[in-house]
Amino acid sequence: PTAKNIRYEVIKIPALDENDESNFDYKYGVGYSTDYYKARRAKFEMNNDMAGWFAQCQQEPIDRTNAVFTPETMQYYDFLPEGEPIKVIAHCDVALGGGDFLAFPVAYYYENPDGSLTGYIEDVVFDNSEKHITQPQVVNMIIKHHIKQVHFESNQGGEGYKDDIKRHLKESDYKEVCNISSSWAPVTKRKEQRIWDCAQEIREFMFKDATHRHEQYRKFMQNIFSFTMNMSRKAHDDSVDALAGLVEFEKSGSGVRKAFIMRSPI
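Residues numbered from 1 in each chain as written. Predicted model: local features only at pLDDT ≥ 70, side-chain atom pairs only at ≥ 80, totals over all residues. Heavy atoms only, no water.

Undergrad: Just checking my understanding: could you explain the side chain of Ser 226 for this structure?
TA: As for its position among the elements, Ser 226 is in helix α7 (residues 215-226). Judged by its relative accessible area of 4%, Ser 226 falls in the buried class. (Helix = DSSP H or I, 4+ residues; strand = E, 2+ residues; numbered from the N terminus. Buried < 20%, exposed > 50% of the residue type's maximum accessible area, 1.4 Å probe, protein only.)

Undergrad: Which parts of the structure should I look at to understand the nonpolar core?
TA: It is characteristic of soluble globular proteins that their nonpolar side chains tend to be buried jointly. Judged by nonpolar contacts, the single largest core of 30 residues is most densely connected at Phe 69, Ile 121, Phe 207, Phe 220, Ile 224 and Leu 243. Within the residue set of this core, elements represented by two or more residues are β3 (102-111), β4 (117-127), α6 (199-203), α7 and α8 (238-251). A total of seven residues in this core trace back to one element, the largest contributor, which is α8. Those residues in contact with Phe 220 that lie beyond four places of it in its chain are Ala 103, Pro 105, Val 124, Phe 126, Phe 207, Ser 239 and Leu 243. If you look at the next biggest cluster of nonpolar residues, it comprises 27 residues, including Val 88, Val 139, Leu 169 and Met 206. (Core = buried A, V, L, I, M, F, W, Y, C linked by side-chain atoms within 4.5 Å. Contact = heavy atoms within 4.5 Å.)

Undergrad: Even after reading the chapter, I still don't get the environment of Ile 147, so can you show me in this structure?
TA: Mapped onto the fold, Ile 147 is located in the loop between α3 (131-145) and β5 (149-153). With 39 residues separating them along the chain, Ile 147 and Tyr 108 place their C-alpha atoms 9.2 Å apart. Those residues in contact with Ile 147, other than ones at most four positions away along the chain, are Val 88, Ile 89, Ala 90, Phe 104, Val 106, Met 141, Ile 142, Tyr 174, Val 177 and Cys 178.

Undergrad: Help me understand the pairing of strand β6 (residues 179-183), please; the structure alone is not making it clear to me.
TA: With five bridges connecting them, β5 and β6 associate as parallel partners. The residue of β6 that forms the bridge with Val 150 is Ile 180. (Pairing = 2+ DSSP bridges.)

Undergrad: What should I look at first to understand helix α4 (residues 158-171) in this one?
TA: The terminal C-alpha atoms of α4, which comprises 14 residues, lie 20 Å apart, in line with the 20 Å expected from a rise of 1.5 Å per residue. Buried within α4 are the following residues: Gly 158, Tyr 161, Lys 162, Asp 164, Ile 165 and Leu 169. Down the axis of α4, the smallest arc covering the buried residues is 160°, so these residues share one side. Set apart from the buried face of α4 by more than 90 degrees, the exposed residues are Lys 170 and Glu 171. Among the residues trailing α4, Asp 173 stands out with phi positive, at a value near 65°. (Expected span 1.5 Å × (residues − 1). Arc of directions from axis to C-beta.)

Structure representation (structure tokens):
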């Protein structure tokens, strides 16, 4: 009863805004600069404690207890292995704005001594902008990495998005062959179950270490570590859903494998 007339509102202001600029950089040498917060974030990142960064500085607590992917369970690299990859493929989880992120991981696959393949996530597009902004990024990524096969999910406007990418590639006068395909994500399986089924394969990917990530790659990794199986946290599934799609695309026989000369049975 003594608090019935008290009114208040909790205001949450993150250290860095959506443009990665400080919200607390004031005149006359007071406050905290963008460089100050980026240096703090780098320390959290190097200590594999991005959950701490989000909770302490960005006002976005992450549920560590139910996290499916943690920094300690993932694998990292600084530079790609020597030699040519067996194949370079990509998968696109399409988003047309409205808060969802378009996720486009690019994987370089190299052969291991035992004949198995390891995928290196060399680059990503991870952007929640409208398609007129994300489509040029996807096209540039295909050209930059000479990607031979790209798969798009047809759900949520993906089919039209794929057709636009084909048209933009043609208009750019890109001469190399890029096989662009699409399919509908299965409606008989929940998205969370699909990610759970591919969780181990996602952990087997090699990801760039903290010192070699650009801004979208950093957001992509943060999104991975934020994912839980809790249905109320669906805002954190764009990156892992794209990786699950990449796993399934590779399993379906994408790309070119090595040819071997066999002894004639005759």
